[in-house]
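Residue-level structure breakdown
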Amino acid sequence: MVDSYFLIITVIDIFVLGIMYVLTKYNETLNKWQKQCFMGAFILIIAISVIEVIVVAVDVEVPSLRWINIMANYLGFGLTPAVPLFLAAAMEKNSNIRYAVIGECAYLLVLALSLPFGLIFYVDENNQYIRGDFFVIYVAVYIAAIIYLLVITMQVTERYQNQSRSSVYLIVGFLLVTAVLQVVFPKVYITWLCVSLLSMVYFTYCNGMWQKLDGLTGLLNQKSYLNMAASLSEGGILIVFDVDNFKHINDNYGHLAGDQCLEEVAACIKKAYSKDGLCYRIGGDEFCVFLNLYADEDECYENLLKEMDIRRKTLEILPTVSIGSARFVAGDNIAKAKVIADDNMYQFKKAHKRKEAPRG
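Residues numbered from 1 in each chain as written. Predicted model: local features only at pLDDT ≥ 70, side-chain atom pairs only at ≥ 80, totals over all residues. Heavy atoms only, no water.

**A look at a negative patch on the surface**
This is how it is decided: Note that patches include only residues with greater than 30% relative accessible area and no salt bridge, and the join distances are 9 Å for like charges and 5 Å for nonpolar side chains (Val, Leu, Ile, Met, Phe, Trp, Tyr). Each accessible area is a Shrake-Rupley result for a 1.4 Å probe, and residues are judged covered by the shown protein chains and nothing else. When a carboxyl oxygen of Asp or Glu lies within 4 Å of a side-chain nitrogen of Lys or Arg, that pair is called a salt bridge. Charge assignment in this entry is limited to Lys and Arg as positive and Asp and Glu as negative, and neither His nor the chain termini are counted. Every charge is mapped to an atom, namely NZ of Lys, CZ of Arg, CG of Asp or CD of Glu. Put simply, DSSP marks the helices as runs of H or I at least four residues long and the strands as runs of E at least two long, and each gets a number from the N terminus on.
Taken together, the side chains of Asp296, Asp298, Glu299 and Glu302 define an acidic patch exposed on the protein surface. Inspection of the secondary structure assignment puts Asp296 in the loop between strand S5 (286-292) and helix H12 (297-312).

**Some remarks on the packing of helix H6 (residues 136-159) against helix H7 (residues 166-184)**
The angle between the axes and the distance between the axes are what describe a pair of packed helices. Formally: To define axes, lines are fitted to C-alpha atoms, for helices over the stretch in contact only, and angles between the resulting N-to-C directions are given on a 0 to 180 degree scale. The scheme is simple: roughly parallel for angles under 35 degrees, roughly antiparallel for over 145, roughly perpendicular for 65 to 115, oblique for anything else. Two residues qualify as a contact provided that any one of their heavy atoms is within 4.5 Å of a heavy atom in the partner residue. Side-chain classes follow a simple rule in which Ala, Val, Leu, Ile, Met, Phe, Trp, Tyr, Cys and Pro form the nonpolar group, Asp, Glu, Lys and Arg form the charged group, and the remainder, Gly included, forms the polar group.
At a minimum axis separation of 10 Å, H6 and H7 run at an interaxial angle of 175 degrees. Relative to H7, the element H6 is oriented roughly antiparallel. Together, Val139, Tyr142, Ile143, Ile146, Leu150, Thr153 and Met154 of H6 and Val168, Tyr169, Val172, Leu175, Leu176, Ala179 and Val183 of H7 make up the contact between the two elements. Class assignment for the residues of the contact of H6 with H7 results in 13 nonpolar, one polar and no charged.

**Let's talk about the pattern of salt bridges**
Where we set the bar: Buried, partly exposed and exposed residues are distinguished by accessible area as a fraction of the type maximum, computed with a 1.4 Å probe on protein chains only: under 20%, between the cut-offs, and over 50%, respectively.
Per the stated rule, a full pass over the model turns up 10 salt bridges. One salt bridge connects Arg311 with Glu307, and the closest N-O pair in it is separated by 2.9 Å. Placement of the pair is Arg311 and Glu307 together in helix H12, with a separation of four residues, close to one helical turn. When its relative accessible area of 22% is taken as the criterion, Arg311 is described as partly exposed. A salt bridge links Asp342 to Lys338; the nearest nitrogen and oxygen atoms lie 2.9 Å apart. With Asp342 and Lys338 both in helix H13 (residues 334-351) and four residues apart, the pair spans about one turn of that helix. Since its relative accessible area comes to 15%, Asp342 is described here as buried. With relative accessibility at 15%, the residue Lys338 sits in the buried group.

**With respect to the packing of helix H2 (residues 32-58) against helix H4 (residues 82-91)**
Counted only if it meets this: For a crossing to be left-handed, the near helix must be turned anticlockwise from the far one by less than a right angle; the clockwise case is right-handed.
Axis separation between H2 and H4 bottoms out at 8 Å; the angle between their running directions is 165 degrees. Relative to H4, the element H2 is oriented roughly antiparallel. Handedness of the H2/H4 crossing: left-handed. For the pair H2 and H4, the contacting residues are Trp33, Gln34, Cys37, Phe38, Gly40, Ala41, Leu44, Ile45 and Ile48 in the first and Ala82, Val83, Phe86, Leu87, Ala89 and Ala90 in the second. Split by residue class, the contact of H2 with H4 holds 13 nonpolar, two polar and no charged.

**Looking at the environment of Val156**
Residue placement: Val156 occurs in helix H6. Beyond its immediate stretch of four places on either side in the chain, Val156 contacts Met91, Glu92 and Met209.

**Side note on the environment of Leu108**
Topologically, Leu108 is positioned in helix H5 (residues 96-114). Placed 60 residues apart in sequence, Leu108 and Val168 show a C-alpha to C-alpha distance of 28 Å. With residues near it in sequence (within four places) discarded, Leu108 still touches Tyr74, Gly78 and Leu79.

**Structural notes on the packing of aromatic side chains**
Keep this limit in mind: Stacked, edge-to-face and tilted labels apply to pairs of Phe, Tyr and Trp rings (six-membered ring for Trp) whose centres lie within 6.5 Å, assigned for plane angles under 30 degrees, over 60, and everything in between, in that order. Any Lys NZ or Arg CZ found within 6 Å of a ring centre and within 35 degrees of that ring's normal is scored as a charge over the ring.
Scanning the entire structure with this criterion turns up 18 aromatic pairs. Ring geometry for Phe77 against Phe135: centres 5.6 Å apart, planes inclined by 85 degrees, an arrangement best described as edge-to-face. Pair noted here: Phe77 is in helix H3 (residues 66-79) and Phe135 is in the loop between strand S2 (129-131) and H6, with a separation of 58 residues, a long-range link. For the residue pair Phe77 and Phe135, the accessibility class agrees, reading buried in each case. Seen from their ring centres, Tyr225 and Tyr280 are 5.7 Å apart, and the 75 degrees between their planes marks the pair as edge-to-face. One end of the pair, Tyr225, is in helix H9 (residues 222-231); the other, Tyr280, is in strand S4 (residues 277-281), with 55 residues separating them in the sequence. Owing to a relative accessible area of 7%, Tyr225 belongs among the buried residues under this scheme. Under the relative-accessibility criterion, Tyr280 is labelled buried at 0%. Aromatic rings pair up to connect Phe77, Phe121, Tyr129, Phe135, Tyr138 and Tyr142 into one cluster. Geometry around Trp33 places Lys93 over its ring, the cationic atom sitting 4.7 Å from the centre. Across the ring face of Phe135, the terminal group of Arg131 is positioned such that the distance to the ring centre comes to 4.5 Å.

Take a look at the structure:
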């Protein structure tokens, strides 16, 4: 018989997940793929929560319910590792997710083939659920899916210069702890309540990260720059960049070519500076970096020039950039440092105008 408290908690859980589904559907920050993955994760959690209620309801000594018990447990154990995969796919769409899906399908097949032998779990003739000798397979697959989610999340957050990456360990760690608790205490039904809460936290985390990004270049956006400028507690170097002759690129090659140039310039700045600072796009063809105070500014600039030379071999119209910088200490007005850096950049631009206009 289903405990009333457990049933009420599950109903509330499903209701909240339904709200999250609707909020995700109408979220304007997420792209179509991200929406589909998050909505898929919420639907999957709802489905497994319902399955768990069925498992609890039919776990009585009524032999006629045996096959319902078997199928409910099969679906529960089989679909559980798919939840982290949906979340990982929402974080990034790449070819690796294909292998993860293949792994999930292979696990479902192994689980199905094991049913007659009771290797992972079995339900006896009296309709009593019992863990099999190879129950560890389920545990291993689930933990592998969680680790996969962790790896993908850390890779993407590093690429997008997210400053709260350490919180990902807390999210994933808590997910692992709840999984262990469910294994150790199988009659304590807390896993899907915790998974639901953490999926919402993960959605909030990802949504917040994506709101800080510039849609074209993937660098941090102007709002993120302004927030950082208002909250800096340490000194550093503010570096500003301006793309040379960018209007000429747009006028002669079109705005798509201009966008491509901006993407390439942003990638060069990020590769040269992100190890020692945070990179932003703060305007149409304007970029800046908050560089650590003890970073080698000259070495970063040399790396920028080298990277742009490499990319110019495949994109001949890639323009040069003008650069200026200003040092600041904790408590300084960043707006004043920005004015100084801009002045230095304009002096640089005047002194290093290109000898030839882009070929048209």
